[in-house]
Amino acid sequence: MQKIFLQIIVISTLFGIYSPNTISAEIGLLDEADVVVSSRARAERQAALKTALSSVFVKNSGLPSVLEHPLVRAQINKPEVLLTQYGYSEIDDELTLKANFDHKRIISTLRQADLPVWGRQRPLTLLWLSIEDEGERSILSDASELDTRAQIDLDSSNKGIPVILPVMDLDDVMKISVSDVRGIFTDVVADASTRYRADYFAVADLDKVGGFVRFQVSLFDKESEGGIMQPLIHHQAEVLDYQEATDQILSTLAEYFVSQYAFADSGNSAETLLSLTGVQSMAQLVEIESYLNQLSAIKTVSLSQFKANTVTYKLELFGDAEDLQKLLNINKRLTEIPQLDVNDELADMEFVSEPVTTLFYQWH
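Quick notes on the rules
Residues numbered from 1 in each chain as written. Predicted model: local features only at pLDDT ≥ 70, side-chain atom pairs only at ≥ 80, totals over all residues. Heavy atoms only, no water. Axes fitted to C-alpha atoms, helices over the stretch in contact; angles between N-to-C directions. Helix = DSSP H or I, 4+ residues; strand = E, 2+ residues; numbered from the N terminus. Parallel < 35°, antiparallel > 145°, perpendicular 65-115°, else oblique. Left-handed = near helix turned anticlockwise from the far one by under 90°. Contact = heavy atoms within 4.5 Å. Patch = residues over 30% accessible without salt bridge, like charges linked within 9 Å, V, L, I, M, F, W, Y side chains within 5 Å. Areas by Shrake-Rupley, 256 points an atom, 1.4 Å probe, with all protein chains shown as cover. Salt bridge = Lys/Arg side-chain N within 4 Å of Asp/Glu carboxyl O. Buried < 20%, exposed > 50% of the residue type's maximum accessible area, 1.4 Å probe, protein only. Pairing = 2+ DSSP bridges. Core = buried A, V, L, I, M, F, W, Y, C linked by side-chain atoms within 4.5 Å. Phe/Tyr/Trp six-rings, centres within 6.5 Å; stacked < 30°, edge-to-face > 60°. Lys NZ or Arg CZ within 6 Å of the ring centre and 35° of its normal. Expected span 1.5 Å × (residues − 1). Polar contact = N/O pair within 3.5 Å; in protein donor to acceptor, adjacent residues only side chain to side chain.

Draft legend 1. Region of the structure containing the packing of helix 1 (residues 42–61) against helix 3 (residues 103–112). Following both chains from N to C, one finds helix 1 and helix 3 inclined at 70°, their axes separated by 10 Å at the closest point. Between helix 1 and helix 3, the angle falls in the class roughly perpendicular. With respect to the hand of their crossing, helix 1 and helix 3 are arranged in right-handed fashion. For the pair helix 1 and helix 3, the contacting residues are Leu53, Val56, Phe57, Asn60 and Ser61 in the first and His103, Ile106, Ile107, Thr109 and Leu110 in the second.

Structure, rendered in C-alpha cells:
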C-alpha cells in the first residue's frame with residue numbers, strides 16, 4: 001500500500017496566537033502531493049501518479065466522494081494529462097515521488113462536474129481534545145509526542161483543514177481543565193480560546209470502552225455572541241481505535257466546512273459589487289485582486305472604480321452574495337462596515353441592467 005504525504009504550507013504568522021493581521025489560513029500546495037514508492041519502475045510511477053492526483057482532487061474540493069464522479073475518475077486514470085512535473089527524492093530514508101498538476105484544469109474538471117471547489121482561503125479551527133494515555137487523561141497539546149498528535153497533522157493535511165492545538169502552557173492550565181472539555185462547558189472553553197487566532201473551536205473527547213473507542217466532537221463559532229453557545233455540528237460514534245476516531249473527527253469538520261465554504265457552479269449568473277476602503281497603493285490593489293481571484297465563490301473579477309482610497313469591483317459569482325460574505329468574513333484583514341451612501345460612492349460606476357447587492361468592507 002502506497003503511503004502519501006500531502007503538504008500544506010501556511011503563510012508566515014497565520015497560526016500565531018497574537019498576530020493582529022492574521023488571515024485565517026491560506027493553504028498552499030493544493031496541486032502537489034508526495035507519494036512514497038519502493039522503486040522508480042514505470043508501473044509503480046503510474047500507480048503513484050494516480051494516487052497523487054486523487055489526493056489533489058480531494059484537497060481542492062474537500063470531499064473524498066468527488067473521486068466517484070466519472071469525469072474525475074477519467075482524469076485520474078490518465079494522470080499524465082494533468083501532470084506538470086514530477087521528481088524523486090529521499091525523505092526519511094524512503095524514496096518519494098513528488099507530483100505537481102495543472103491547477104486550472106483541476107478546477108475546470110470539478111466545475112464541469114458540478115462539484116464543489118474549496119479555495120485557498122480556509123477557516124482555522126482550534127481543537128480541544130481530551131485523551132487518555134497510560135491511565136492518565138489530559139488535553140492534547142501542540143507539543144505532544146503521542147501518535148494521535150501526529151495523526152491529527154496527517155488528517156489535517158490530507159483533508160486540507162487547518163487545525164491547531166492549544167499550547168497548554170500556564171495560561172491555558174489556569175483557565176481550562178480536562179473536565180471542562182469532557183463536559184463541553186462552552187463558556188470556559190470559549191474563554192480559553194480567546195487568545196488563539198482561530199475562527200472556530202472544536203471540543204472532542206476520546207474514551208476507551210472495552211475493545212472500542214467512543215468519541216464525540218462538537219464545533220462552535222468562536223465569534224458567536226450572546227446566550228448559551230449552540231454547537232454548529234455534533235457527532236459521536238464508536239470505532240476500533242484512536243486513529244479511526246481522529247480520522248472521523250477531522251472528516252466531520254471537513255464536511256461542515258465544505259458545506260459552508262466550498263461552492264459548485266449554481267448555473268446562475270449572480271453578480272455583486274464589492275467596495276473596499278483603505279486601499280492606498282497599487283501594490284495593495286494587486287494583492288486584493290490576487291486574493292479575490294482565488295476565492296471559490298467568485299467566477300470573474302473586474303475593476304469598476306478606484307477613487308481616493310476606495311476600490312470597487314464587479315464580481316460574477318458561482319453562488320450568491322451570502323456565499324461570498326462567508327469567505328470575506330474569515331479574512332482578518334477585512335472588516336465589514338455599515339453600508340455607505342451608494343449615490344456618493346458609486347455614482348460614476350456602470351451598473352448591470354438589474355440592481356445588484358453591494359458589499360462594503362475595510363481593507364487593513
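Picking up where we left off.
Draft legend 2. Highlighting a nonpolar patch on the surface. Residues Met282, Leu303 and Phe306 make up a contiguous nonpolar surface patch of roughly 290 Å² in combined accessible area. Tracing the backbone through its elements, the reader meets Met282 in helix 9 (residues 282–293).

Draft legend 3. View of the pairing of strand 9 (residues 212–221). Burial analysis of strand 9 places 7 of its 10 residues in the buried class, the great majority of the element. The loop that links strand 8 (residues 200–209) with its antiparallel partner strand 9 comprises 2 residues; one of these, Gly210, has a positive phi angle of about 65°. When strand 9 meets strand 10 (residues 233–239), the two strands line up antiparallel, connected through 7 bridges. From the neighbouring strand, Phe215 faces strand 10, where its bridge partner is Ala237.

Draft legend 4. A look at the nonpolar core. Core analysis: the largest hydrophobic core is formed by 53 residues, its most contacted members being Leu206, Phe257 and Leu328. When residues of this core are assigned to their parent elements, the largest contribution, 10 residues, is made by helix 8 (residues 242–261). Non-local contacts of Leu328, meaning those with residues more than four positions away in its chain, are made with Leu274, Tyr291, Leu295, Leu334, Leu359 and Tyr361. Membership of the second largest hydrophobic core comes to 25 residues, among which are Ala52, Leu82, Phe101 and Leu115.

Draft legend 5. Focus on the environment of Ala192. Position of Ala192 relative to the elements: it lies in helix 7 (residues 186–193). Classification of Ala192 as buried rests on a relative accessible area of 0%. Separated by 19 residues in the primary sequence, Ala192 and Val173 have C-alpha atoms spaced 9.3 Å apart. If we skip the residues at most four places from it in the chain, Ala192 touches Trp128, Asp172, Lys175 and Ile176.

Draft legend 6. Seen up close, the environment of Gln121. Mapped onto the secondary structure, Gln121 falls in the loop between helix 3 and strand 5 (125–133). Note on Gln121: relative accessible area 2%, which makes it buried. In the structure, Gln121 is positioned 173 residues away from Gln294 in sequence and 7.9 Å away in space, judged by C-alpha atoms.

Draft legend 7. Layout of the pattern of salt bridges. Scanning the entire structure with this criterion turns up 18 salt bridges. Put simply, Lys98 and Glu32 hold a salt bridge, and the shortest N to O gap is 3.2 Å. With Lys98 in strand 4 (residues 94–101) and Glu32 in strand 2 (residues 32–36), this pair connects stretches of sequence that are 66 residues apart. For Glu32, a relative accessible area of 10% corresponds to the buried category. Ionic contacts of the salt-bridge type, sharing partners, join the residues Glu132, Arg137, Arg182, Asp205 and Asp207 into one network.

Draft legend 8. Main features of the packing of aromatic side chains. This model, assessed by the stated rule, comprises 8 aromatic pairs. Ring centres 5.7 Å apart and planes at 70° place the aromatic pair Tyr256 and Phe257 in the edge-to-face group. A relative accessible area of 13% means that Tyr256 is categorised as buried. Through a chain of ring-to-ring contacts, three or more aromatic side chains come together here, namely Tyr200, Tyr256, Phe257 and Tyr261. The ring of Tyr242 has Lys208 lying over it, and the distance from NZ or CZ to the ring centre is 5.1 Å.

Draft legend 9. Structural view of helix 8. For helix 8, built from 20 residues, the straight-helix expectation of 28 Å at 1.5 Å per residue is met to within 8% by its first-to-last C-alpha distance of 28 Å. Restricting attention to buried positions, one finds in helix 8 the residues Tyr242, Ala245, Thr246, Ile249, Leu250, Thr252, Leu253, Ala254, Tyr256, Phe257, Val258 and Tyr261. Where helix 8 begins, the side chain of Asp241 points an oxygen toward the backbone nitrogen of Gln243, at a separation of 3.3 Å.

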